[in-house]
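# Observations on the three-dimensional arrangement
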Amino acid sequence: MSETTELAAGAAKLDAADELAAVRGKFVLDEVVYLDGNSLGALPAAVPGRVEDVVRRQWGELRIRSWDESGWWTAPERIGDRIAPLVGAARGQIVVGDSTSVNVFKALVGAVRLAQRAGGGRDEILVDATTFPTDGYIAESAARMTGCTLRPLEPAEVPGALSGRTAAVLLNHVDYRTGRLHDLPGLTAAVHAAGAPVVWDLCHSAGALPVGLDEHGVDLAVGCTYKYLNGGPGSPAYLYVRADLQDRFDSPLPGWNSHAEPFGMRSAYEPASGALRGRVGTPDILSMLALEAALDVWDGVTVEAVRAKSLALTDFFLECVRAYVPAGRVQSLTPAAHAERGSQVALRCEDAGDVMKRLIERGVVGDFRHPDVLRFGFTPLYVGFGDVERAARVLAETLAG
Ligand SMILES: Cc1ncc(COP(=O)(O)O)c(C=O)c1O
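Note that this is a predicted model, so its numbers are computed, not measured.

In terms of domain boundaries, the protein breaks down into domain 1 (3–30 + 300–400) and domain 2 (52–298). Facing the 30 residues of domain 1 at the interface are 20 residues of domain 2. For the domain 1 and domain 2 pair, buried surface summed over both sides reaches about 2000 Å², with 57% attributable to carbon and sulfur atoms. At the boundary of domain 1 and domain 2, one finds one salt bridge. For Arg 180, the salt bridge identified is with Glu 340, shortest N-O distance 3.1 Å.

Printed below as a string of structure tokens:
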């Protein structure tokens, strides 16, 4: 048997044994191999019908009554509770709304305020130097606003840089370029030992692997819902504030939606208690309820099963790439160790921009990250092992031709 036939046969066996295989039927997909769910998740099939109901009946017929009767007003906390088990959080700690960027701002300034109010003259924010740019920009502004200096450094350097000056630390659970999974339990414990709070950005981990927010005592966390949670383009993000910190959480964006009595229309702000203290203004109901419908695909699915399949998919992809692509043509930036790998594979390739264009023309969709990275995201809910084998084969043919 040729190597190709062998790997294709292996893929068929793995697909036949895949306990998540049936979940793919809950998505709108075609013959394209879609490996860009770490940028924009595919459309769950139930979403269009639900959105149509929200628009035609809830908005079109019930109009303003829907704020109560259709549960619009409480949607940010209700959907937060739906996301909670996916990131290892008990109910009442997550609120959905605004973009990730805005929530990074709320969480980071809120974290610095927590630390500074506890005393001790803390005036330094540590930030992941390899972060998605928005976190870095916001951290720089948060530092200016709170009288802190900002120190960008690699996540692995954080433990050695912590001190009595540390006011807060902002880290990514999974690196958006390389797919490296950082040690959330270990880094959280190290930051706590220095007496500071930590904010985790979960954009590339939520829905792809266990996070364990409560188990590891994370202080604050944010994440988007349009990647592995399939909420749709620009779907609202979420903010986690650990239950015992909520009464001290002082949001830098205190809007009327987080007022203790929002319809009291008072001139003085008095924060509500609980997770809804993270709210700002009127929620984006259409996007939010599309997200709520999208989360139905998780019914009966465990994050542990997703993680097991994710590792099997990325292992198999790396195996196929090694077998099909001439040695030295691409170089994997994604750690080989499972404990350090998210749900994506990043391959360095000299002409990556052009290669990705040609891959997309041939029905294999990943993305290109400047200057030389081919990025492939593996969403275990709808990517199969046959897809993986085909992607690697088409990649090899593209690189050869
Ligand atoms: C790690 C990370 N943080 C933040 C963001 C920005 O999110 P948003 O554009 O929704 O504010 C992204 C977007 O892809 C991201 O990957």
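Past the structure itself, the notes keep going.
When we look at a pair of aromatic rings, we describe it by the centre distance and by the angle of the planes. The final tally for this structure, using the stated rule, is eleven aromatic pairs. Between Trp 73 and Trp 256, the ring centres sit 5.5 Å apart and the planes meet at 50°, which makes this aromatic pair tilted. Here the residue Trp 73 occupies a position in the loop between α3 (66–69) and α4 (75–83), and Trp 256 occupies one in the loop between β10 (238–241) and α9 (285–294), the gap between them amounting to 183 residues. The interplanar angle of 90° and the centroid separation of 5.4 Å between the aromatic rings of Trp 256 and Phe 263 together place this pair among those described as edge-to-face.

For the pair helix α1 (residues 3–16) and helix α10 (residues 303–324), interaxial distance at closest approach is 11 Å and the crossing angle is 170°. As the angle between them shows, α1 and α10 are arranged roughly antiparallel. Counting all contacts with α1, which are made through Glu 3, Thr 4, Leu 7, Ala 11 and Leu 14, the residues of α10 involved are Phe 316, Glu 319, Cys 320, Ala 323 and Tyr 324. Of the residues assigned to the contact of α1 with α10, the class counts are seven nonpolar, one polar and two charged.

Turning to the state of the cysteines, a few remarks are in order. The full count for this structure, using the stated rule, is zero disulfides. Sulfur of Cys 349: no disulfide; nearest cysteine sulfur belongs to Cys 320 and is 18 Å away. Classification of Cys 349 as buried rests on a relative accessible area of 1%.

The next subject is the packing of α10 against helix α12 (residues 385–400). The relative placement of two packed helices is expressed as an angle between their axes plus a distance between the axes. Contact geometry of α10 with α12 gives a least axis separation of 9 Å together with a crossing angle of 30°. The angle between α10 and α12 falls in the class roughly parallel. Classified by chirality, the crossing of α12 by α10 is right-handed. For the pair α10 and α12, contact is made by Lys 309, Ala 312, Leu 313, Phe 316, Phe 317, Cys 320, Val 321 and Tyr 324 and by Phe 385, Val 388, Glu 389, Ala 391, Ala 392, Arg 393, Leu 395 and Ala 396, respectively. Class assignment of the residues belonging to the contact of α10 with α12 gives a composition of 13 nonpolar, no polar and three charged.

All right, on to the sheet that holds strand β6 (residues 149–153) then. Taken in spatial order, the seven strands of this open sheet run β4-β10-β9-β8-β7-β5-β6, and their pairing is mixed. Across the chains shown, the open sheet's two edge strands, defined by having one partner strand only, are β4 (94–96) and β6. Put simply, the sheet's adjacent strands are angled 15° from each other on average, direction ignored. Where strand β5 (residues 124–128) and β6 come together, five bridges link them in parallel fashion. Looking across to β6, one finds that Asp 128 is bridged to Leu 153. The sheet contacts of α4 involve β4 and β10, and relative to β4 the element is tilted by about 120°.

What counts, and where the lines are drawn
Residues numbered from 1 in each chain as written. Predicted model: local features only at pLDDT ≥ 70, side-chain atom pairs only at ≥ 80, totals over all residues. Heavy atoms only, no water. Domains from an automatic or database assignment. Contact = heavy atoms within 4.5 Å. Buried area = accessible area lost by both parts, 1.4 Å probe. Salt bridge = Lys/Arg side-chain N within 4 Å of Asp/Glu carboxyl O. Phe/Tyr/Trp six-rings, centres within 6.5 Å; stacked < 30°, edge-to-face > 60°. Helix = DSSP H or I, 4+ residues; strand = E, 2+ residues; numbered from the N terminus. Axes fitted to C-alpha atoms, helices over the stretch in contact; angles between N-to-C directions. Parallel < 35°, antiparallel > 145°, perpendicular 65-115°, else oblique. Nonpolar A, V, L, I, M, F, W, Y, C, P; charged D, E, K, R; others polar. Disulfide = S-S within 2.5 Å. Buried < 20%, exposed > 50% of the residue type's maximum accessible area, 1.4 Å probe, protein only. Left-handed = near helix turned anticlockwise from the far one by under 90°. Pairing = 2+ DSSP bridges.

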